Amino acid sequence: MVRKLAYWHKLDAADRAALLALPHTLKMLEQHHYIVRERDRATYSCVMLSGFSIRHKIVGGGLRQIVAIHMKGEMVDLQNSLLGTADHSVQMLTRGQVALIPRDEINRLAFERPAIGRAMWLDTLVDASIFREWIANVGRRDARTRIAHVLCEIALRLKVAGLGEQTGYQLPMTQEQLGDATGLTSVHVNRTLK
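A short tour of the structure in this document, coming up. (Residues numbered from 1 in each chain as written. Predicted model: local features only at pLDDT ≥ 70, side-chain atom pairs only at ≥ 80, totals over all residues. Heavy atoms only, no water.)

Some remarks on the layout of surface pockets
Here is step 1: Of the volumes computed, that of the largest pocket is approximately 830 Å³.
Here is step 2: Lining the largest pocket are 34 residues, and of these Met1, Lys4, Lys72, Gly73 and Glu74 lie nearest its centre.
Here is step 3: Secondary-structure elements contributing two or more residues to the lining of the largest pocket are α1 (2-8), α2 (13-20), β3 (44-48), β5 (64-70), β7 (96-102), α5 (114-140) and α6 (143-160).
Here is step 4: For the lining of the largest pocket, the class distribution of residues is 23 nonpolar, four polar and seven charged.
Here is step 5: Of the volumes computed, that of the second largest pocket is approximately 440 Å³.
Here is step 6: Lining the second largest pocket are 19 residues, with Leu78, Gln79, Leu82, Leu83 and Thr124 sitting closest to its centre.
Here is step 7: Contributions of two or more residues to the lining of the second largest pocket are made by β4 (53-58), α3 (80-83), α4 (103-112) and α5.
Here is step 8: Of the residues assigned to the lining of the second largest pocket, the class counts are ten nonpolar, six polar and three charged. (1 Å grid on protein atoms, 1.4 Å probe; cavity = no way out; pocket = protein on both sides within 12 Å on 5 of 7 lines; lining within 4 Å. Points joined across faces, edges and corners; volume = space filled by probe spheres on them. Helix = DSSP H or I, 4+ residues; strand = E, 2+ residues; numbered from the N terminus. Nonpolar A, V, L, I, M, F, W, Y, C, P; charged D, E, K, R; others polar.)

Right under this line is the structure:
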């Protein structure tokens, strides 16, 4: 998390120490475990220490739309530290460890240390930019391009995080989950991948 925030904005040694000193609870979560559910009151923000998680919305008829995939080092629900009530769910895609940081501590630190606050703000703006790409992906791209976009994005993000290479990586998603991320059926995903 410190490395990622420092990527967006210069953090001095005191800023880094303040981030590392945040009170937190470590938890090992199993695959499919919810970190936060839509309409829950957010009491903490979560940093992924290992594994993968997904951000999603359940739409009419019970269908799921995955709107983001998160990996090690990412704060998956920084928005909830200010919103208070979750407007989406975050669920573990794989087994993994998370650090739960009280939202009041996130807010305090962001306002007491402007460089950290700016880095967090920039991090959420980058998330918003990625969300816009996902909207364009589902709304205007053909199946092949949708899947290619997600695979290329994950490759680049894994490389930047030091977790893989652009030319080869493990993606812990089923074809059904890839369909939920691209607005396609699992059958369509299967045919497109072939």
